[in-house]
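Read off the chains here:
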Amino acid sequence: MSETGQSGVRHIAVKADDDGVRVDRWFKRHFPDVPYGQLAKWLRTGQVRVDGGRAKPGGRLSAGQQVRVPPTAAGDAGTERTGAPRPVSNADASGLRDSVIYRDDHLIALNKPAGLAVQGGTGTTRHLDGMLDALRFDAEERPRLVHRLDKDTSGLLILARTRQAARALSAEFQGRTMDKVYWALVLGVPDVEAGTVDAPLAKRGPQGGERMTHDDDGQHAETDYRVLDHAARRISWLELMPRTGRTHQLRAHCAAIGNPILGDGKYGGRDSFLPGMAKRLHLHAHALTLNHPETGVRLELTAPLDRELAESWKKVGFRPETA
């Protein structure tokens, strides 16, 4: 429901599909033409309110709450997108359904393909968040994102099918009670074959070209790792187990120990691309163990390498099917 007063202020009720969504993401979804700078100003000056209280960009919304949206001048950005969501193409819908590796009444596990962004952003119009209606199956509600993977990372991604499951799963991700395992091919062999990278990270570089770098004053970041195999000390197969969840953490940590991930131009430069190997990031979210949001029973999920990554593994003599 949307009501507009004489001043042009709108009060919009949060729908069930938006339960748990961040305030900034809610605006991106419903007012895609409002620049982030404008939204930041509205939030900073208290013009955006939730149930009468000041709102923060990362604040989570609940179904039924009222969001105050300030007026915009004629011709300005700010037209609410109230119509039906952009339809998902048959090819995208079929591909997403084929990527489901586990489903019950409470959650869905996908083997996300590399190249598919989880959420929209500047210049990104095709993303998983815009296709979730294709994964309703028999549910009344569209599934909800509870975490994310980088666009170029493939593998396990969990979706919640109910509001209650979303809250429980989000709490698990934030509480670090899940065991996450990634596989990566990296250049060279680490000096220590099993250990922990404890390297705080901070963003550096201009917006859009920013990268995470080791910075003692940055955010705490830890990754356990071990070498599963190596080929002539030129390429190693690493098992990576992040203890924290910073942006680009695994990519930055591999680069920090001198072993950038194969195909990672941002952190490994041109040398990370090897002749005859796929020109893509060789990082895959392989396994996840979590407490089921309804039963509490530990649930172990694994996502196989896609065909392109499997070929890379086998080209250097690694056998992922035996791991």
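Everything numeric in this text was worked out from a predicted model, so none of it was measured.

1. Description of the pairing of strand S14 (residues 222–231)
- Both strand S11 (residues 194–198) and S14 contribute to a ladder of five bridges, which runs antiparallel. Within S14, the residue paired with Gly-195 across the bridge is Tyr-225.
- Examined bridge by bridge, S14 and strand S15 (residues 235–242) share eight bridges and lie antiparallel to one another. Residue pairing across strands places Thr-223 opposite Pro-242, the latter belonging to S15.

2. Focus: the packing of aromatic side chains
- A full pass over the atoms with the stated rule returns seven aromatic pairs.
- When the centroid spacing of 6.0 Å and the interplanar angle of 50° are considered together, the rings of Trp-26 and Phe-31 count as tilted. Residues Trp-26 and Phe-31 agree in their burial class; the two are buried.
- Among the aromatic residues, those joined into a ring-pair cluster are Trp-26, Phe-27, Phe-31 and Trp-42.
- Across the ring face of Phe-137, the terminal group of Arg-103 is positioned such that the distance to the ring centre comes to 3.9 Å.

3. A short note on the confidence of the model for the protein chain
- Per-residue pLDDT for the protein chain has a mean of 89; in total, 91% of the residues score no lower than 70.
- In this model residues 73–78 is a low-confidence stretch, pLDDT under 50, and it forms eight contacts with partners more than four residues away in sequence or in other chains.

4. What about the pattern of salt bridges?
- One pass over the structure, following the stated rule, counts 21 salt bridges.
- Between Arg-142 and Asp-129 there is a salt bridge whose closest N-O contact spans 3.9 Å. In this pair, Arg-142 is assigned in the loop between strand S7 (107–112) and strand S8 (144–145) and Asp-129 in the loop between S7 and S8, connecting sequence segments 13 residues apart.
- On the basis of relative accessible area, Arg-142 is assigned to the buried category, the value being 9%.

5. So, helix H1 (residues 23–30)
- Of all the eight residues making up H1, six are buried; the element is thus mostly covered by neighbouring parts of the structure.
- Considered for burial, the residues of H1 that qualify are Val-23, Asp-24, Trp-26, Phe-27, Arg-29 and His-30.
- If you follow the buried residues of H1, they end up packed against strand S2 (10–13), helix H2 (36–44) and strand S5 (66–69).

Rules used throughout
- Residues numbered from 1 in each chain as written.
- Predicted model: local features only at pLDDT ≥ 70, side-chain atom pairs only at ≥ 80, totals over all residues.
- Heavy atoms only, no water.
- Pairing = 2+ DSSP bridges.
- Helix = DSSP H or I, 4+ residues; strand = E, 2+ residues; numbered from the N terminus.
- Phe/Tyr/Trp six-rings, centres within 6.5 Å; stacked < 30°, edge-to-face > 60°.
- Buried < 20%, exposed > 50% of the residue type's maximum accessible area, 1.4 Å probe, protein only.
- Lys NZ or Arg CZ within 6 Å of the ring centre and 35° of its normal.
- pLDDT = per-residue confidence, 0-100.
- Contact = heavy atoms within 4.5 Å.
- Salt bridge = Lys/Arg side-chain N within 4 Å of Asp/Glu carboxyl O.

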